[in-house]
Amino acid sequence: MSERGWAVARLDEIQGPRARQGYDWRPVRRHFGIRSFGVNANVAREPGDVLVDEHHETGGDGGQEELYVVLRGRARFTVGGEDVELGAGSFLFVRDPAVQRAATALEPDTAVLAVGGRPGEAFVPSSWEHGRYAVELSERGDNEGAVRVMEHALEERPEHAGNLYNLACFESLAGRRDDALDHLGRSIELDASFRGYARDDDDFAPLRDDAEFQALVAT
């Protein structure tokens, strides 16, 4: 953000880690340093590409109302089992966090903006934002950098099971055995489903034969 107190950017100037699902993720919130609400954009490469991953908002980062805006192209949204096709300039608001939603592109270069927030709560960035940057660093071989990203995420949400789990993953890859086991154990205490995830997660390959790790993931 400039000293003027405002800033301008074109969508294609905003770059972030490439999403695995087939779209280009544009981290609008991070680009501008927005602290009061979540806002990001996804840009499809080809027709049929995922634009919004199928999800609901009742999980660990849940409770959000979400507004989707088609900036260009056309997209097919599936909301609560119903299909809705929207063109540029169209809005879709999903008030109920429990409603399942997803979207795919009907034209190349379709772009969708997503804005979200939790009614009555101060904004805290969703953990997946940090996770995408951490994964990118790890894939480039910088596992210590990935650890630092997730440590920051954990500072924002100290008892977030997903943040603890992801931090443990990168600590494992970075050779931080004790830290990885401590954070994995706490994530399992908060959400037992992470026990099953860890059992087959390649990020824990360095700990696979460790007796303490085996005890943590035992059924």
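My aim in this report is to walk through the structure given alongside it, one point at a time. (Residues numbered from 1 in each chain as written. Predicted model: local features only at pLDDT ≥ 70, side-chain atom pairs only at ≥ 80, totals over all residues. Heavy atoms only, no water.)

## Concerning the overall build of the protein chain
Looking only at helices and strands, the protein chain features seven helices and nine strands. Over its C-alpha atoms the protein chain spans a radius of gyration of 19 Å, differing by no more than 12% from the 17 Å that the globule rule assigns to 219 residues. Oriented by its inertia axes, the alpha-carbon framework of the protein chain measures out at about 55 × 45 × 35 Å. Long-range contacts, defined as pairs at least 24 residues apart, comprise 61% of the intrachain contacts of the protein chain with a sequence gap of at least 6. For the protein chain, the exposed surface amounts to about 11300 Å²; the carbon and sulfur share of it is 49%. Within the protein chain, the 41 negative side-chain charges are centred at a point lying 4 Å from the centre of the 25 positive side-chain charges. (Helix = DSSP H or I, 4+ residues; strand = E, 2+ residues; numbered from the N terminus. Rg over C-alpha atoms; globule rule 2.2 N^0.38 Å. Contact = heavy atoms within 4.5 Å. Areas by Shrake-Rupley, 256 points an atom, 1.4 Å probe, with all protein chains shown as cover. Lys, Arg positive; Asp, Glu negative; His and termini not counted. Charge placed at Lys NZ, Arg CZ, Asp CG, Glu CD.)

## Observations concerning the side chain of Arg26
For Arg26, the position within the fold is in strand β1 (residues 23-26). Within the structure, the side chain of Arg26 is placed 3.0 Å from the side chain of Asp12, a separation counted as a polar contact. Discounting chain neighbours no more than four positions away, the residues touching Arg26 are Leu11, Asp12, Ile14, Gln15, Asn40, Ala41 and Val43. (Polar contact = N/O pair within 3.5 Å; in protein donor to acceptor, adjacent residues only side chain to side chain.)

## Observations regarding helix α4 (residues 161-173)
For an α-helix, the turn length of 3.6 residues means that residues three or four places apart are oriented alike. Counted at 1.5 Å a residue, the expected span for α4 with its 13 residues is 18 Å, and the 19 Å between its end C-alpha atoms agrees. Judged by how many residues are buried, α4 sits mostly within the fold: 11 of 13 residues are covered. Within α4, the full set of buried residues consists of Ala161, Gly162, Asn163, Leu164, Tyr165, Leu167, Ala168, Cys169, Phe170, Glu171 and Ser172. Tucked inside the fold, the buried residues of α4 contact α2 (127-139), α3 (143-156), α5 (177-190) and α6 (193-200). Gly175 lies just past α4 and shows a positive phi near 80°. (Expected span 1.5 Å × (residues − 1). Buried < 20%, exposed > 50% of the residue type's maximum accessible area, 1.4 Å probe, protein only.)

## Section: unusual backbone geometry
Here the phi dihedral of Asp109 falls at roughly 65°; this positive angle occurs in a residue that is not glycine. On the secondary structure map, Asp109 appears in the loop between β8 (101-105) and β9 (111-117). The class of Asp109 is partly exposed, set by a relative accessible area of 38%.

## A look at the sheet that holds strand β7 (residues 91-94)
The strands that make up a sheet pair up through hydrogen bonds in the backbone, lying either parallel or antiparallel. If you walk across this open sheet you meet the five strands as β1-β2-β9-β4-β7, and the pairing is antiparallel. Of all strands in the sheet, those with a lone pairing partner are β1 and β7, marking the two edges. Each neighbouring strand pair of the sheet contributes to a mean axis angle of 20°, computed without reference to strand direction. Looking at chain direction, strand β2 (residues 38-44) and β9 are connected through six bridges and run antiparallel. Bridge pairing in β9 links Gly38 to Gly116. Strands β1 and β2 of the sheet are contacted by α2, whose axis makes an angle of about 115° with β1. (Pairing = 2+ DSSP bridges. Axes fitted to C-alpha atoms, helices over the stretch in contact; angles between N-to-C directions.)

## Considerations on the pairing of β8
Of all five residues making up β8, four are buried, and the element is well covered by its neighbours. The pairing of strand β5 (residues 74-79) with β8 spans five bridges and is classified as antiparallel. Paired with Val79 across the strands is Arg101, a residue of β8.

## Things to note about the packing of α4 against α6
Where α4 contacts α6, the axes come no closer than 11 Å and their chain directions differ by 20°. Comparing the axis directions of α4 and α6 gives the class roughly parallel. The way α4 lies across α6 gives a crossing that is right-handed. Only Phe194, Tyr197 and Ala198 of α6 make contact with α4, whose side of the interface consists of Ala161, Gly162 and Tyr165. Its residues assigned to classes, the contact of α4 with α6 shows five nonpolar, one polar and no charged. (Parallel < 35°, antiparallel > 145°, perpendicular 65-115°, else oblique. Left-handed = near helix turned anticlockwise from the far one by under 90°. Nonpolar A, V, L, I, M, F, W, Y, C, P; charged D, E, K, R; others polar.)

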